Amino acid sequence: MTTVDEQGRPEPPLDGDETTTLLGFLDFHRATLAWKCAELDTAALRATHPPSTMTLGGLLKHLAYVEDYWFSYILAGRPRVAPFDAVDWTATPDWDWDSAAEDTPDQLRELWAATVERSRAVVTEALSTGDLAQRARRPRLDGSAPTLRWILVHMVEEYSRHNGHADLIRESIDGRTGE
């Protein structure tokens, strides 16, 4: 049985196996980002906490890209999907951060949510045919192929770090705080 906290986040299991624990923490951190970005309009999603230029909208789009990159592109070896497939990443390496200002709150939330759902499906598919030790189908630029375990731990780290940023930005917008 999953316990949900007062912000609507699923608590990671206290007694799960390795896979269940990793997926539990990843879903908790995904829900934390959703909570930090909830009920905000365009201006709020574009607000910064100087001197940083980072925005909550940028975080949503960046984490949508990171989800797609690690799960669909690297782990599953699938081609990039829209909007990430049309980006010249060499010419615009910060496209995910910078282009978020052009998107509405609904577009940002829908892109992120759709990418998370696609990532969950990729992980479910991978686990149906292998375990956490399976290697990604597409090697990274250096030729190495991380395991699913490494990708999940990396994604927990990625969300954890950026949720710290989201805490500060959200507090600067409307004073809302929380873990």
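In case you missed it, the structure is sitting above this.
Residues numbered from 1 in each chain as written. Predicted model: local features only at pLDDT ≥ 70, side-chain atom pairs only at ≥ 80, totals over all residues. Heavy atoms only, no water.

## Points about the overall build of the protein chain
Assigned secondary structure in the protein chain consists of six helices and zero strands. The C-alpha atoms of the protein chain give 16 Å as radius of gyration, which agrees with the globular expectation for 179 residues (16 Å, within 12%). With the principal axes as the frame, the protein chain shows a C-alpha extent of 45 × 45 × 25 Å. Long-range pairs, those at least 24 residues apart, make up 68% of the contacts in the protein chain with a sequence separation of at least 6. In the structure as shown, the protein chain presents an accessible area of about 9,300 Å², 54% of it carried by carbon and sulfur atoms. Seen as two clouds, the 18 positive and the 30 negative side-chain charges of the protein chain have centres 4 Å apart. (Helix = DSSP H or I, 4+ residues; strand = E, 2+ residues; numbered from the N terminus. Rg over C-alpha atoms; globule rule 2.2 N^0.38 Å. Contact = heavy atoms within 4.5 Å. Areas by Shrake-Rupley, 256 points an atom, 1.4 Å probe, with all protein chains shown as cover. Lys, Arg positive; Asp, Glu negative; His and termini not counted. Charge placed at Lys NZ, Arg CZ, Asp CG, Glu CD.)

## Focus: the pattern of salt bridges
By the definition in use, this model includes 15 salt bridges. Where Arg30 meets Glu67, a salt bridge forms, and the shortest distance between an N and an O atom there is 2.8 Å. Residue Arg30 is found in helix H1 (residues 18-37), and its partner Glu67 is found in helix H3 (residues 56-75); the two are separated by 37 residues along the sequence. The exposure classification of Arg30 matches that of Glu67, with both residues buried. For the salt bridge of Lys36 with Asp167, the shortest nitrogen-to-oxygen distance reads 2.9 Å. (Salt bridge = Lys/Arg side-chain N within 4 Å of Asp/Glu carboxyl O. Buried < 20%, exposed > 50% of the residue type's maximum accessible area, 1.4 Å probe, protein only.)

## Thoughts on unusual backbone geometry
In this structure, the amide linkage connecting Pro50 to the following residue, Pro51, adopts the cis form with an omega of 15 degrees. With respect to the secondary-structure elements, Pro51 resides in the loop between helix H2 (42-46) and H3. At the junction of Ala82 and Pro83, the peptide bond is cis and its omega measures out at 0 degrees in the coordinates. Assignment of secondary structure puts Pro83 in the loop between H3 and helix H4 (95-98). The residue Glu39 is not glycine, and still its phi comes out positive at about 60 degrees. Mapped onto the elements, Glu39 comes out in the loop between H1 and H2.

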